[in-house]
Amino acid sequence: MSRASSHALKHPPVTAPSEPAGATPFPELAVAIERGRRRGRGAQSNDSGRFEAEARVAFDDGWQSLEELPPFKTTVSIDTSRKVIARNDSPDIGFDRSINPYRGCEHGCVYCFARPTHAYLGLSPGLDFETKLLAKPDAPALLEKELAAPGYEARMIAIGTNTDPYQPIERERKIMRGILEVLERAGHPVGIVTKSALVGRDIDILARMAKRNLVKVALSVTTLDAELARTMEPRASTPARRLEAIKHLSDAGIPATVMVAPVIPALNDSEIERILDAAAHAGAREASYVLLRLPLEVRDLFREWLMANYPDRYRHVFTMIRDMRGGRDYDSQWGTRMKGTGPMAWMIGRRFEIACEKLGLNKRRSKLTTDHFAKPKRSGEQLSLF
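Residues numbered from 1 in each chain as written. Predicted model: local features only at pLDDT ≥ 70, side-chain atom pairs only at ≥ 80, totals over all residues. Heavy atoms only, no water.

Tracing the backbone through its elements, the reader meets A252 in the loop between α7 (239-251) and β11 (256-263). Residue classification places A252 among the partly exposed residues on the basis of a relative accessible area of 30%. For the pair A252 and A210, spaced 42 residues apart in the sequence, the C-alpha separation amounts to 8.9 Å. Here A252 is in contact with I203 and A207, once residues within four sequence places are set aside. (Helix = DSSP H or I, 4+ residues; strand = E, 2+ residues; numbered from the N terminus. Buried < 20%, exposed > 50% of the residue type's maximum accessible area, 1.4 Å probe, protein only. Contact = heavy atoms within 4.5 Å.)

Following this line, the structure appears as structure tokens:
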């Protein structure tokens, strides 16, 4: 039987991005998956996660060409988690709880800082993250149960802070819509972040919630260059459709924010003002930005992508990243991880602030309320007479 073999090696040390590709101690690990097999995907490779004892790579043993292997297809498994609200105590983000209807994301954004979470599942943060997805069909029911718990106190729930709740499989699964229905009934505030125009499908629910100050929606617009967007975020909505979604939300009275995220030096940082201008004219009231983050496996995945698509900018991009990260590829320090440090980071911040001031963005911040919150009735609970 003809097939391509799988070769196992002890997981190799990570090579610094500044080193030439040929310097890696295991050259076969640096070979990207054949283009036809990863068509429409963001990552170039599918190396094993950091918790695996061995790294497995396909190589041609002479019986079958690697080009004959099947392409990566999206598969969806069921996540049987018993709770759906995740908690955090990070001091530099504005929420302490969040929901992720899905694990993994088909949008395939190469820079996604959530990619390393797939390693906890024994999967690759590379192509596995984009193709082996997990859905939480019980999320609405679990959410209702958690909101009804005796000790629960309402505060804004963030959705879309890890993986996108409106990624393509949401069209059929409708888990996010089910979550919104629960939150609307309970009068619970929610903040949503997405790159998908599919958010427009739920404008009926969102508009009703907005009238009670229960929702705000942020659209991430990384670039206005459709070619760059398709290369960097292959299955996300086009920039034009994201701006259109901002307009539809705004027209429906839903507070809309534009996120210029991530800002990548020497790649899309020149577009900050144009993105803000386009979003403001579409109806965005607020804006924010986040500097490119390269934690764990994301660094090498982004390096591979940059070398494959923009090799002439490779050294320039990483030189500037290190200038804004204290000489490192990434600095996870709270308070600076989102914006960076140093003169270049300061300049990006000032450009953003000046553009927002000229466009009237961030003059008024949307404030969500918990005044409407009413705990859902627990199953079997007797109704009150008063």
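Counting through the fold element by element, Q167 comes out in the loop between β8 (157-159) and α3 (170-173). For Q167, the side chain forms a polar contact with the main-chain oxygen of G104, separated by 3.1 Å. A distance of 3.0 Å separates the side chain of Q167 from the backbone nitrogen of E106, its partner in a polar contact. Dropping the residues within four chain positions of it, Q167 is found in contact with Y102, G104, C105, E106, H107, L133 and L198. (Polar contact = N/O pair within 3.5 Å; in protein donor to acceptor, adjacent residues only side chain to side chain.)

Looking now at helix α5 (residues 203-210). The element α5 is largely enclosed, with a buried count of 6 among its 8 residues. Taken together, the buried positions of α5 are I203, I205, L206, A207, M209 and A210. Along its buried surface, α5 packs onto α4 (175-186), β9 (190-194), β10 (215-220) and α7.

So, about the confidence of the model for the protein chain. In this model, the protein chain carries an average pLDDT of 90, and 88% of its residues clear a pLDDT of 70 or more. Note on residues 1-30: pLDDT is under 50 here. Beyond four places in sequence and across chains, it has 66 contacts. (pLDDT = per-residue confidence, 0-100.)

Across the 6 residues that make up strand β12 (residues 286-291), a large majority, 5, are buried. As paired elements, β11 and β12 share 5 bridges and run parallel to each other. Looking across to β12, one finds that V263 is bridged to L291. In this view, the connection linking β11 to its parallel neighbour β12 by way of helix α8 (residues 272-282) has right-handed handedness. (Pairing = 2+ DSSP bridges. Right-handed = clockwise from strand over helix to strand, strands pointing away.)

Spatial ordering of the open sheet is given by β4-β5-β8-β9-β10-β11-β12, a layout of 7 strands whose pairing is mixed. A strand with exactly one partner marks an edge of an open sheet, and here the two such strands are β4 (85-87) and β12. Averaged over neighbouring strand pairs, the angle between their axes works out to 25 degrees when direction is ignored. The sheet contact formed by β9 and β10 spans 5 bridges and is parallel. (Axes fitted to C-alpha atoms, helices over the stretch in contact; angles between N-to-C directions.)

Quick look at the environment of K339 now. Secondary-structure assignment places K339 in the loop between α10 (314-323) and α11 (343-359). Along the backbone, K339 and Y289 are 50 residues apart, and their C-alpha atoms lie at a distance of 8.0 Å. The contact partners of K339, leaving out residues within four places of it in the chain, are Y289, L291 and A345. Separated by 2.4 Å, the side chain of K339 and the backbone oxygen of Y289 make a polar contact.

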